[in-house]
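Each chain, written out:
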Amino acid sequence: MSKTARWRSAALPIASTALVLALAGPAAASAPAAATATTTATTTAPDAAADSKPDAAGPRVPATSTHRPVGTTSARLVDRDRPDPWRPDTPSRELMVTFWYPTDSGRGAHAPYLSPELSAALYGTDAPAGVRTGAVAGARPAPGRHPLVLLSPGFGLSRTTLTALGEELAARGYAVAAVDHTYETLVEFPGGRIEPCLVCGREGTDPDFGATASRVRAADLRFVIDRLTAPGGRGPVRRLAVDPGRIAAVGHSLGGAAALEAMAEDRRIRAAANLDGSVWIPPTGLRSRPVLLFSAQLGGSPGATGNWEDTWKQLTGPRYWVDLPTAGHLSFSDEHWVVDALGSRDQLPADSGPDLFGTVRGERALAATRAYLGAFLDRHLLGRPAPLLDRPSRAFPEVRFAK
């Protein structure tokens, strides 16, 4: 797959019997523009009606490796000091963020995956709204300061596509914040307002778009850090305390490039991971901090890895490059296991399926992503042993070390 396709493939349409995964790009381009934001006050977004029926129809987010209870909430955050870079007539940058975090009790209704309205706007059907999560809506965070992991989704993709990773990391003890980068996908704000993807399509005409979007996203991530580490404990999630000395940035596709750029710009970020995303800005300024590169179908293929080969040479700190050759570009997101869970794999167009999903099952790809990403964060934020990063594993024989 070409360098550009490593992040543009999220815009390819995927037809299925019950789910039309337009994957935000085409859907956003044709969606009617939503009303412009009229408020700038920072508020906590009320979660949609929670899933209180344990036997409700629909696939379930795969259980975490620790089975520890996880809480979640979403919030609307407004950066009044920064005009929106994609909409110059908007004086403030408005974001939606989902938080997952450890909680001491698993009691309570589970949070929805996404609303039927956003599902229909993103995918052309409300079927994904039937996915059941494992996190308790509005649960009280466990006491203590938690290491923080920021998540940035692929271009055109919703932050909900990183739900399975968010729940896993929270169950491991991390506070997690997944950010929707407004106007790069459809984003639903409190009250049901859905903002369109204003820049979908620009990536095909603007050669500097990848670098520009990486910087925009890096600024978004840095703002979320500011809010979560604000003095006086007045963060967006009540009683959630994060450790400002243990912060990592992780992203899928374009989000992976943004994670590296955010760390280059912000010394508070101690580690970064790029899940199958081309790098658009040379990774200078990382100051010997650790980086994980996790690719699909890239390791050992020089023609496809030139972008990452250049990146690799510029990494001066602890560095890891692992590859899952049976995976596809979307295997690092929820899109893969959701398609499998809905029985839609055989409905994929023959020319897009291998690049998007490879041949591995979605839950297996998720298990590998959770394991290697978790080991990387455990080693570099928590100081825990992580032998998975040092040698091939019998538990994941399909994963190989590209470097």
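Quick caveat: nothing in here was measured; it's all calculated off a predicted structure. (Residues numbered from 1 in each chain as written. Predicted model: local features only at pLDDT ≥ 70, side-chain atom pairs only at ≥ 80, totals over all residues. Heavy atoms only, no water.)

### A few points about the overall build of the protein chain
Argument step 1. The helix and strand inventory of the protein chain stands at ten helices and 14 strands.
Argument step 2. For the protein chain, buried positions account for 58% of its 403 residues.
Argument step 3. A fraction of 75% describes how many contacts in the protein chain between residues 6 or more apart in sequence connect residues 24 or more apart.
Argument step 4. Surface exposure of the protein chain reaches about 15,200 Å², of which carbon and sulfur atoms provide 51%. (Helix = DSSP H or I, 4+ residues; strand = E, 2+ residues; numbered from the N terminus. Buried < 20%, exposed > 50% of the residue type's maximum accessible area, 1.4 Å probe, protein only. Contact = heavy atoms within 4.5 Å. Areas by Shrake-Rupley, 256 points an atom, 1.4 Å probe, with all protein chains shown as cover.)

### Some words on the pattern of salt bridges
Argument step 1. Applying the stated criterion across every chain, the model contains 25 salt bridges.
Argument step 2. Here the salt bridges share partners, and the residues they tie into one network are Arg-76, Arg-87, Asp-89, Glu-94, Arg-193 and Glu-195. (Salt bridge = Lys/Arg side-chain N within 4 Å of Asp/Glu carboxyl O.)

### Structural notes on the pairing of strand β7 (residues 175-180)
Argument step 1. Within β7, six of the six residues are buried, which leaves it mostly tucked inside the rest of the structure.
Argument step 2. Going residue by residue along β7, you find Ala-175, Ala-177 and Val-179 tucked away on one face and Val-176, Ala-178 and Asp-180 tucked away on the opposite face as well.
Argument step 3. Judged from the five bridges that link them, strand β3 (residues 93-102) and β7 form a sheet pairing that is antiparallel. In the strand pairing of β7, Val-97 is matched with Val-179.
Argument step 4. Across four bridges, the pairing between strand β6 (residues 145-152) and β7 is parallel. Each residue of the ladder has a partner; that of Leu-151, found in β7, is Ala-178.
Argument step 5. Viewed along the sheet, the connection from β6 through helix α4 (residues 163-171) into β7 turns out right-handed. (Pairing = 2+ DSSP bridges. Right-handed = clockwise from strand over helix to strand, strands pointing away.)

### Remarks on the side chain of Arg-217
Argument step 1. Positionally, Arg-217 belongs in helix α5 (residues 209-228).
Argument step 2. Overall, Arg-217 belongs to the buried group, its relative accessible area being 1%.
Argument step 3. Look past the residues within four positions of Arg-217 in its chain and what remains in contact with it is Ser-152, Pro-153, Gly-154, Phe-155, His-181, Glu-184, Leu-254, Gly-255 and Ala-258.

### Points about the packing of helix α8 (residues 334-341) against helix α10 (residues 362-382)
Argument step 1. In the contact formed by α8 and α10, the axes pass within 8 Å of each other and the chain directions differ by 150°. In terms of their interaxial angle, α8 and α10 are classed as roughly antiparallel. Crossing hand, α8 versus α10: left-handed. Taking contact as the criterion, the partners of His-336, Trp-337 and Asp-340 in α8 are, on α10, Gly-362, Glu-363, Ala-365 and Leu-366. (Axes fitted to C-alpha atoms, helices over the stretch in contact; angles between N-to-C directions. Parallel < 35°, antiparallel > 145°, perpendicular 65-115°, else oblique. Left-handed = near helix turned anticlockwise from the far one by under 90°.)

### So, the environment of Gly-144
Argument step 1. Of note, Gly-144 is situated in the loop between β5 (132-137) and β6.
Argument step 2. Between the C-alpha atom of Gly-144 and that of Arg-239, which follows or precedes it by 95 residues, the distance is 9.3 Å.

### What about α5?
Argument step 1. For α5, spanning 20 residues, the distance from its first C-alpha to its last is 29 Å, which sits close to the expected 28 Å at 1.5 Å a residue.
Argument step 2. Of all 20 residues in α5, 15 are buried; the element is thus mostly enclosed. (Expected span 1.5 Å × (residues − 1).)

### As for the state of the cysteines
Argument step 1. Per the stated rule, a full pass over the model turns up one disulfide.
Argument step 2. Here Cys-197 is linked by a disulfide to Cys-200, with a sulfur-sulfur distance of 2.0 Å. Since a negative S-S torsion denotes a left-handed disulfide, the Cys-197-Cys-200 link at about 90° is right-handed. (Disulfide = S-S within 2.5 Å.)

### Details of α8
Argument step 1. Counting buried residues along α8, seven of its eight residues qualify, which places the element largely inside the surrounding structure.
Argument step 2. Those residues of α8 that sit buried are Asp-334, Glu-335, His-336, Trp-337, Val-338, Val-339 and Asp-340.
Argument step 3. Sitting at the amino-terminal end of α8 is Ser-333, which places a side-chain oxygen 3.2 Å from the backbone nitrogen of Glu-335.
Argument step 4. Phi turns positive one or two residues past the end of α8, at Gly-343, with a value near 70°. (Polar contact = N/O pair within 3.5 Å; in protein donor to acceptor, adjacent residues only side chain to side chain.)

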